[in-house]
Structures are given as C-alpha cells and as structure tokens.
Amino acid sequence: MGKPRASGDVRTGALASGSGGATAPLLPRNDRKADAKVQGGSLFMVLLSTAVAVCGAFEFGTCVGYSAPTQSGIERELGLSMAEFAIFGSVLTIGAMIGAVTSGRLADSLGRKMTMRIAAIICVFGWLSIHFAKGATMLYFGRTLLGFCTGVLSYVVPVFIAEIAPKDLRGGLATSNQLLIVCGSSTTYITGALVTWRNLVLVGIVPSVLLLVGLLFIPESPRWLAQAGREEEFHASLQRLRGENADISEEAIEIKEYIESLQSFPRARIQDLFLSRNIYAVIVGVGLMIFQQLGGINGVGFYASFIFSSAGFSGKLGTILIGIVQVSASGTFLGCFLAGISFYLKAHGLFLEWVPALALSGILVYIGAYSIGMGPVPWVIMSEIFAINIKAIGGSLVTLISWLGSFAVSYSFNFLMDWSSAGGRSSCSLRRAWSLYCSWQG
C-alpha cells in the first residue's frame with residue numbers, strides 16, 4: 001500500500017456516493033479557491049509561452065505561402081522569367097535544408113529561446129531583402145534566409161512547446177503548431193490577393209517582431225536548462241510555468257531522470273540508423289516523407305495563382321479560397337484528378353466552360369485533404385517510431401528528405417506545367433514521335 005498523503009497535499013476533488021448521491025468536497029471552499037488560483041496562474045504562463053512560440057509557426061506559414069500570390073507581380077515588375085521565378089520559389093527549400101540540419105545543434109547549444117530569437121532576426125533580414133529587391137539576386141538571397149529560419153523554426157517551436165507543456169495539455173498545445181502554420185500560409189494567400197508583393201512582406205515581418213518581443217517575457221525550456229546543468233534556472237523556470245505555489249518536486253525529479261536516461265545511451269551515429277533494429281523505422285519515416293512531397297503540395301502551394309490563371313479563373317480569388325479552405329476539409333487524389341481533367345479539357349477544346357470550375361474544385365479539394373491527412377500525419381508518425389537514442393539524428397534525416405523532395409517538386413513544377421498542364425502529354429508526344437518515325441521510314 002502506498003504512503004498516505006499529508007492533508008496539506010490533497011488536491012481538489014469530489015467523492016460520489018452512487019446514483020443520485022450527494023458529493024462531498026475533499027478540500028474546504030477557501031482551499032479550493034486558492035488551488036484554482038494556482039492552476040489558473042500556471043495555465044496562463046504555459047499558454048502565453050505557447051502563444052509566443054507559435055508566432056514562429058505562423059512565420060513558417062507566411063514564408064511557404066509567399067510565392068503563390070506574388071508570382072505575376074514579381075515577374076511583371078522585375079522582369080523575371082519562368083525559370084528565374086522557379087528558382088525564387090524553390091530556393092526556400094535549400095535554406096530550409098541547411099536550417100533543418102543545424103537546428104538541433106543550435107537548439108541544444110544555445111537554448112530554445114535563443115535559437116528562436118536568431119531565427120526571427122534572420123527572418124526580418126530576409127523579408128527586408130525581398131522588399132527592397134531590384135533584381136533576382138536579392139530575391140534569391142532573401143528567400144534563402146527565409147528558408148533557413150523556416151528550417152530552424154520547424155524543429156525548435158514544437159520541441160519548445162512539448163518541453164514546457166504539462167502532460168495533460170501537451171497533445172493539445174502541440175497541435176497549435178500545425179494550426180498556426182496553416183493560418184500563416186492562409187493569411188498570406190488572402191492578403192496577397194489584396195496588396196502588392198512588396199507590401200505583403202509586412203505579413204511576414206509582424207510575427208517575427210512579435211516573436212522577438214514575446215521571448216522577453218517567457219521562461220526558457222526547463223528541460224534544456226536541466227540538460228545544460230543550470231540547476232537554479234531550471235527550478236525557477238519550472239516554478240514559473242507551473243505556478244508560484246505549485247509543488248514541482250515530482251516533475252523536477254522526472255525531468256532529471258529522463259535526462260539521465262538519455263545521457264546513459266551511447267552517442268548516436270549516422271550508421272546506427274541502418275542497423276537492423278532501426279532500419280524499419282527509417283524506411284517508414286523516409287517513405288512517408290517521399291510520398292508526402294511527391295504528392296506535389298509545394299508545387300500547388302508555391303504557384304497556386306499561376307495555376308488558377310492558366311485555367312481561366314481569377315488567381316487572386318483562387319488564392320483567397322485556398323486560404324479559407326486550407327484549415328479543414330478532405331481527397332488529394334480526387335483534387336489532383338479534377339485539376340488534371342480541367343487542363344486536359346482545355347488542351348483539347350472540350351467543355352471549355354467547365355474548365356475554371358473544375359480547376360478551382362480540384363485545387364480546393366486537394367489542399368483541404370492534404371491539410372488533414374498527408375500534411376500532419378507523417379510528422380506525428382515520425383516523432384513516435386524512432387528509439388530515444390536515435391530520435392534526433394533520425395528526425396534530422398527524415399526532415400532533410402522532406403525538404404529535398406520539396407525542392408525537387410517546387411523547382412520542376414513550373415516547367416512541368418509549361419510542358420503539360422494536364423500531365424498527359426507524354427503519351428501524345430510518343431504517338432507523335434512514332435508517327436513521324438513511320439512517315440520517315442516510308
């Protein structure tokens with residue numbers, strides 16, 4: 001039998017005597033009020049810290065969504081060719097690869113808050129480079145900086161939220177990261193249809209500034225402080241997050257035991273990923289990311305306005321509707337199929353009045369389905385399948401594969417659209433080539 005609690009350590013609760021029975025409070029009314037006050041104070045700081053951190057997630061979304069509503073304006077004002085804008089759209093992923101690879105080391109050596117602070121500062125410089133750009137070079141430079149901060153924030157924000165949240169709130173607060181990413185891209189789509197591409201930069205600068213200011217008022221991750229051996233700051237941070245009068249002794253012991261267990265594992269190496277006990281997790285994680293990216297989400301997301309304009313639908317209105325539908329809905333295959341059919345009909349002069357409606361329906365269905373399926377699910381699975389001692393290096397590999405796939409799709413998308421909007425020119429080209437060959441032989 002466990003050791004009984006002292007009366008001063010009892011928490012608020014009730015005992016039910018049965019069906020229709022009366023309930024008796026375990027604490028007097030005054031004690032329950034004091035306990036509620038402690039819990040409220042604790043919850044406030046956790047929610048405030050999460051709200052500050054997800055400004056980084058919102059920033060992530062604005063960086064990814066920026067190119068979709070700005071393509072026509074940038075090409076027209078700066079005279080960019082299709083190939084040059086393809087580089088502008090896809091170079092974000094090059095910076096993100098670098099950021100993803102270095103994010104773990106930065107967060108572990110400098111701390112979660114300092115890493116977010118550095119990323120936010122780099123973001124501001126990236127946005128300013130784009131705003132004042134007079135040619136392709138400055139656009140590429142700014143977009144690469146945005147990519148780097150995106151790669152860093154994609155790692156450190158969810159890690160920070162998971163480390164500060166109480167167990168019973170951790171899952172719910174963690175989902176706010178994905179939600180704010182979607183909200184950031186949606187805001188960029190909608191606002192980009194109403195303002196010029198230079199003014200749209202403000203939508204990206206605002207969350208960076210909010211993140212920088214907010215970090216001044218929230219505590220550092222207690223888990224990182226414990227790992228860094230900063231004992232006094234560790235207890236102060238945990239106390240601040242849980243409430244001034246909360247008993248943090250049990251949670252502090254759990255955190256220290258977890259860190260000690262991590263330190264007992266041998267240092268993970270890249271080759272450890274390919275051992276028989278780990279290879280299955282690697283195949284699942286990498287495979288999910290490959291399928292996620294080859295589904296073409298970044299091609300659609302980066303060049304949505306161009307797709308709608310090519311189908312004869314308003315590019316501005318289309319991106320606004322994407323911004324609205326992206327937060328919910330469901331069928332990536334159906335969405336791609338409808339969009340492909342619309343361009344097939346247009347190429348063959350069939351049912352031309354249907355083309356804009358089919359393209360719009362297909363893209364909206366595709367974006368909605370991705371947002372609740374292949375978007376978040378692979379990341380959730382990836383966070384669970386790796387053993388503790390290789391989770392960091394395994395997560396880095398999977399993230400790198402994801403950004404490589406993103407680069408391949410986002411860079412090639414414009415060329416593929418120019419070559420075959422419906423995705424069916426290959427068979428026609430083969431038949432044409434065969435007929436030319438036969439006529440030459442004859």
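Below is a short write-up of the structure. (Residues numbered from 1 in each chain as written. Predicted model: local features only at pLDDT ≥ 70, side-chain atom pairs only at ≥ 80, totals over all residues. Heavy atoms only, no water.)

### Regarding the nonpolar core
In step 1: Tyr 66, Ile 74, Met 116, Ile 130 and Leu 139 are the most contacted members of the largest nonpolar core, which has 55 residues in total.
In step 2: Ranked by residues supplied to this core, first place goes to helix H5 (residues 136-164) with 13 residues.
In step 3: Beyond its immediate chain neighbours, meaning those up to four positions away, Tyr 66 contacts Ile 74, Phe 88, Trp 127, Ile 130, Arg 143, Thr 188, Trp 197, Arg 198, Leu 200 and Val 201.
In step 4: Formed by nine residues, the second largest nonpolar core is a distinct cluster that contains Trp 224, Ala 226, Leu 238 and Ala 252. (Core = buried A, V, L, I, M, F, W, Y, C linked by side-chain atoms within 4.5 Å. Buried < 20%, exposed > 50% of the residue type's maximum accessible area, 1.4 Å probe, protein only. Helix = DSSP H or I, 4+ residues; strand = E, 2+ residues; numbered from the N terminus. Contact = heavy atoms within 4.5 Å.)

### Some thoughts on the environment of Glu 220
In step 1: Checked against the element boundaries, Glu 220 lands in the loop between helix H7 (201-214) and helix H8 (222-227).
In step 2: Of the residues examined, Glu 220 reaches a relative accessible area of 13% and is grouped as buried.
In step 3: Placed 171 residues apart in sequence, Glu 220 and Ser 49 show a C-alpha to C-alpha distance of 9.3 Å.
In step 4: Beyond its immediate chain neighbours, meaning those up to four positions away, Glu 220 contacts Gly 111, Arg 112, Lys 113, Met 114, Phe 160, Leu 225 and Ser 237.
In step 5: At 3.3 Å, the side chain of Glu 220 and the backbone nitrogen of Lys 113 are in polar contact. (Polar contact = N/O pair within 3.5 Å; in protein donor to acceptor, adjacent residues only side chain to side chain.)

### Quick notes on helix H3 (residues 82-110)
In step 1: When the terminal C-alpha atoms of H3 are compared, their 40 Å separation across 29 residues agrees well with the 42 Å that a helix rising 1.5 Å per residue should span.
In step 2: Its axis deflected by about 45° at Thr 102, H3 carries its strongest bend there.
In step 3: Trailing H3 by a residue or two, Gly 111 shows a phi angle of about 100°, which is positive. (Expected span 1.5 Å × (residues − 1). Bend = angle between axes of the 7 residues up to and from the residue.)

### Some words on a nonpolar patch on the surface
In step 1: Where nonpolar side chains cluster on the molecular surface, the patch consists of Val 209, Val 213, Leu 216 and Phe 217 and spans about 390 Å² of accessible area.
In step 2: Following the sequence through the fold, Val 213 ends up in helix H7.
In step 3: Taking relative accessible area as the criterion, Val 213 reaches 42% and is therefore assigned partly exposed. (Patch = residues over 30% accessible without salt bridge, like charges linked within 9 Å, V, L, I, M, F, W, Y side chains within 5 Å. Areas by Shrake-Rupley, 256 points an atom, 1.4 Å probe, with all protein chains shown as cover. Salt bridge = Lys/Arg side-chain N within 4 Å of Asp/Glu carboxyl O.)

### Here's the deal with the state of the cysteines
In step 1: Scanning all chains against the criterion turns up one disulfide.
In step 2: Put simply, Cys 123 and Cys 149 are joined by a disulfide, and their sulfur atoms are 2.2 Å apart. For the disulfide bridge between Cys 123 and Cys 149, the dihedral angle about the S-S bond is near 50°, and by the sign convention the bridge is right-handed. In this pair, Cys 123 is assigned in helix H4 (residues 112-131) and Cys 149 in helix H5, connecting sequence segments 26 residues apart.
In step 3: For Cys 123, a relative accessible area of 0% translates into the label buried.
In step 4: Free cysteine Cys 63: the closest other cysteine sulfur is in Cys 123, separated by 4.4 Å. (Disulfide = S-S within 2.5 Å.)

### Looking at H5
In step 1: Along its 29 residues, H5 runs 42 Å from first to last C-alpha, staying within 8% of the 42 Å computed at 1.5 Å per residue.
In step 2: Its axis deflected by about 30° at Leu 153, H5 carries its strongest bend there.

### Here's the deal with the packing of aromatic side chains
In step 1: Scanning the model with the defined rule gives three aromatic pairs in all.
In step 2: Residues Tyr 66 and Trp 127 carry aromatic rings whose centres are separated by 5.2 Å and whose planes lie at 70° to one another, so their mutual orientation is edge-to-face. Of this pair, Tyr 66 sits in the loop between helix H1 (29-65) and helix H2 (67-78) while Trp 127 is found in helix H4, placing the two residues 61 residues apart along the sequence. Each member of the pair, Tyr 66 as well as Trp 127, is classed as buried.
In step 3: Seen from their ring centres, Phe 85 and Phe 88 are 5.5 Å apart, and the 50° between their planes marks the pair as tilted. In this pair, Phe 85 and Phe 88 are both assigned in helix H3, three residues apart and thus about one turn of the helix distant.
In step 4: Put simply, the rings of Tyr 66, Phe 85, Phe 88 and Trp 127 pair up and form one aromatic cluster.
In step 5: The ring of Phe 88 has Arg 143 sitting right over it, with the charged end atom 5.2 Å from the ring centre.
In step 6: The ring of Tyr 258 carries Arg 223 above its face, with NZ or CZ at 5.3 Å from the centroid. (Phe/Tyr/Trp six-rings, centres within 6.5 Å; stacked < 30°, edge-to-face > 60°. Lys NZ or Arg CZ within 6 Å of the ring centre and 35° of its normal.)

### Side note on the side chain of Thr 50
In step 1: Examined against the element boundaries, Thr 50 turns out to sit in helix H1.
In step 2: Separated by 2.9 Å, the side chain of Thr 50 and the backbone oxygen of Val 46 make a polar contact.
In step 3: Apart from residues no more than four positions distant in its own chain, Thr 50 is found in contact with Ile 161, Ile 164, Leu 173 and Ser 176.

### Describing the packing of H5 against helix H6 (residues 167-192)
In step 1: Running from N to C, H5 and H6 cross one another at 160°; their axes reach a closest spacing of 9 Å. Relative to H6, H5 is oriented roughly antiparallel. Judged by the twist between their axes, the crossing of H5 over H6 is right-handed. For the pair H5 and H6, contact is made by Val 157, Pro 158, Ile 161 and Ala 162 and by Arg 170, Leu 173, Ala 174, Ser 176 and Asn 177, respectively.
In step 2: The residue inventory of the contact of H5 with H6, partitioned by class, reads six nonpolar, two polar and one charged. (Axes fitted to C-alpha atoms, helices over the stretch in contact; angles between N-to-C directions. Parallel < 35°, antiparallel > 145°, perpendicular 65-115°, else oblique. Left-handed = near helix turned anticlockwise from the far one by under 90°. Nonpolar A, V, L, I, M, F, W, Y, C, P; charged D, E, K, R; others polar.)

### Section: the pattern of salt bridges
In step 1: In this structure the tally under the stated criterion is seven salt bridges.
In step 2: In this structure, Glu 254 engages Lys 167 in a salt bridge whose closest nitrogen and oxygen atoms are separated by 3.2 Å. Of this pair, Glu 254 sits in helix H10 (residues 249-264) while Lys 167 sits in helix H6; the two residues are 87 residues apart in sequence, bridging distant segments of the chain.
In step 3: Here Glu 254 falls in the partly exposed class, since its relative accessible area comes to 31%.
In step 4: Arg 242 is the salt-bridge partner of Glu 251, the closest N and O atoms lying 2.9 Å from each other.

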